[in-house]
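Coordinates in review
The chain contents come next:
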Amino acid sequence: MLDRPAVTPNDLRAFWMPFTANRQFKQAPRLFASADGMYYTTVDGRKVLDGTAGLWCVNAGHKRPKIVKAIQDQVEELDYAPAFQMGHPRVFELANRLVDLAPEGIDYAFFTNSGSESVETALKIALAYHRARGDGARFRLIGRERGYHGVNFGGISVGGIVPNRKMFGTLLTGVDHLPHTHLPAQNAFSRGQPEHGAHLADELERICALHDPSTIAAVIVEPVAGSTGVLIPPKGYLQRLREICDKHGILLIFDEVITGFGRLGSPFAAQHFDVLPDIMVTAKGLTNGVIPMGAVLVKPEIHDAFMTGPEHLIEFFHGYTYSGNPVASAAALATLETYKDESLLTRAAELETVWADALHSLKGLPHVIDVRNIGLIGAIELEPIAGAPTKRAFSAFVEAFERGCLIRTTGDIIALSPPLIIEPAHIEELFGTLADVLKNLD
Ligand code: PXG
């Protein structure tokens, strides 16, 4: 006999929600029932404009017919195939399409199921690559303050968001961090890439001098830091990082989980900034967020370093049960087709001026201390309430939801990253609502 009451279908108690204020949520739940295009519909029938592409992932908008159909067809045809020592055609096709989309010089794809798994995979590839070349003294990994690389142990070790790290013990050893690039005194209200801060990349030289560069395996950064509240790389910063990595034989990893798949107006940030990393970490927009999937993309030199030894032996002892899952592969292929059919991977570049004008029109509203933008990303930083950091932005989030717009907040920063199908009328709706929210905020 059960020692607890029978299940009540919509009881909110049992679900421990991720990255959520559980108690606040359960007192006043925000539940979506359906979604189409740019809008969600709540369980009580209200339409909510998606200002965040879900969580930076629904780049083609919701319920896209090709993606829905591809998933339905695939699940009927081949629901699962073992990922190890076996294959199925779609995942090979997907790998080819992905490397075609990636910058020239990136030729191989390794599949995962999330951004966090892609990060772990990339870090492991970096370490194992050096070892495979006989350079196993390179064991250090360098991340950046305020960086977000998912929630697994490697990712939080190289990451730099304090609440995501402080509860979890010693993490990986041999990790150091670059300084973040947020310089509000010089760069507040920048449109696009800020002018000041390229010199912060030179801190990598200091870290190299401290540890000796021959001990450093890789540097991992988000080309545009998202989760921390949108930090856009200063002009010249990423180029400088690339130069220093080249000088010392260090791999450069771009975590493109949010910048990948058109967010900046190019397929990837690497193309947008014209800086070629050695390894690219992707997820989210790869399947339009519909089915979990990530991919790590690498240069041929890295892949080839593993392809030695007897041919019957496994070259890289890593992978997931669901790496390249057939249904996820079908979803990804249909997503890439949708992006292509509708030229979505360059649409952010076309809309950038309209987007930036609307976003920067919020300057001067109460509590707004910075506004920043790039591609179809926007951030509005609010003055925190004294003694109650994050409270003001969280109130803005709840109020915007009540008024029919989904936004994201981290700390006291509002982050916006709409589906790439957004139209100027939606931009007006989003910023009109936000202006009303900000005017009425305590
Ligand atoms: N790297 C980066 C750069 C990310 O932004 C991850 C890794 C981890 O991905 P998974 O799929 O394991 O969650 C992310 C995830 C936000 C927000 O509002 C951002 C993420 C996730 C949820 C919310 O900024 N990024």
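Residues numbered from 1 in each chain as written. Predicted model: local features only at pLDDT ≥ 70, side-chain atom pairs only at ≥ 80, totals over all residues.

1. A few points about helix H16 (residues 424–439)
The end-to-end C-alpha separation of H16 is 22 Å, in line with the 22 Å expected for 16 residues at 1.5 Å each. Restricting attention to buried positions, one finds in H16 the residues Ile427, Leu430, Phe431, Leu434, Val437 and Leu438. The buried residues of H16 occupy an angular sector of 115 degrees when projected down its axis, which confines them to one face. Of the residues in H16, the exposed ones pointing more than 90 degrees away from the buried face are Ala425, Glu428 and Lys439. Looking at the buried side of H16, the elements it contacts are strand S3 (47–50), helix H14 (347–360), strand S11 (368–374), helix H15 (391–402) and strand S13 (405–406). (Helix = DSSP H or I, 4+ residues; strand = E, 2+ residues; numbered from the N terminus. Expected span 1.5 Å × (residues − 1). Buried ≥ 20, exposed ≤ 12 C-beta atoms within 10 Å, placed from the backbone. Arc of directions from axis to C-beta. Contact = placed C-beta atoms within 7 Å.)

2. Here we look at the nonpolar core
Membership of the largest hydrophobic core comes to 123 residues, with the highest contact counts inside it found for Ala126, Ala218, Val219, Ile253, Ile279, Leu297 and Ala331. At nine residues, helix H13 (residues 326–341) tops the list of elements feeding residues into this core. (Core = buried A, V, L, I, M, F, W, Y, C linked by C-beta atoms within 7 Å.)

3. Looking at unusual backbone geometry
Notably, Val230 is not glycine yet its phi reads approximately 65 degrees, a positive angle. At Phe261, a residue that is not glycine, the phi angle is positive and equals roughly 65 degrees. Position of Phe261 among the secondary structure elements: in the loop between strand S8 (251–255) and helix H11 (269–273). Judged by the 29 C-beta atoms lying within 10 Å of it, Phe261 is buried.

4. Comments concerning the site of the ligand
Among the 19 residues in the neighbourhood of the ligand, the closest are listed as Ser114, Gly115, Ser116, Gly150 and Val257. Those elements that provide at least two residues to the shell around the ligand are helix H2 (53–56), helix H5 (115–132) and strand S14 (408–410). If you tally residues by element for the shell around the ligand, the top one is H5, at three residues. Partitioning the shell around the ligand into residue classes produces eight nonpolar, eight polar and three charged. If you count residues domain by domain, the shell around the ligand takes at least three from each of domain 1 (22–60 + 344–439) and domain 2 (68–341). (Near = placed C-beta within 6 Å. Nonpolar A, V, L, I, M, F, W, Y, C, P; charged D, E, K, R; others polar. Domains from an automatic or database assignment.)

5. A word on the domain arrangement of the chain
Taken as a whole, the chain is organised into domain 1 (22–60 + 344–439) and domain 2 (68–341). Taken over C-alpha atoms, the centre of domain 1 sits 26 Å from the centre of domain 2. Taken together, the contact between domain 1 and domain 2 spans 33 residues of the former and 29 residues of the latter. Among the elements of the structure, H2, H14, S11, strand S12 (377–382) and strand S15 (413–416) are those that each provide at least two residues to the side of domain 1 that touches domain 2. Residues belonging to the side of domain 1 that touches domain 2 are distributed by class as follows: 18 nonpolar, nine polar and six charged.

6. Side note on the sheet that holds S14
Read from one edge to the other, the open sheet built from four strands follows the order S11-S12-S15-S14, with strand pairing classed as antiparallel. The two strands at the open ends of the sheet, each matched to only one other strand, are S11 and S14. Taking each pair of neighbouring strands and ignoring which way they run, the sheet shows an average axis angle of 20 degrees. Relative to S15, S12 runs antiparallel, the two sharing four bridges. When the bridges of S15 are listed, Ala379 appears paired with Ala415. (Pairing = 2+ DSSP bridges. Axes fitted to C-alpha atoms, helices over the stretch in contact; angles between N-to-C directions.)

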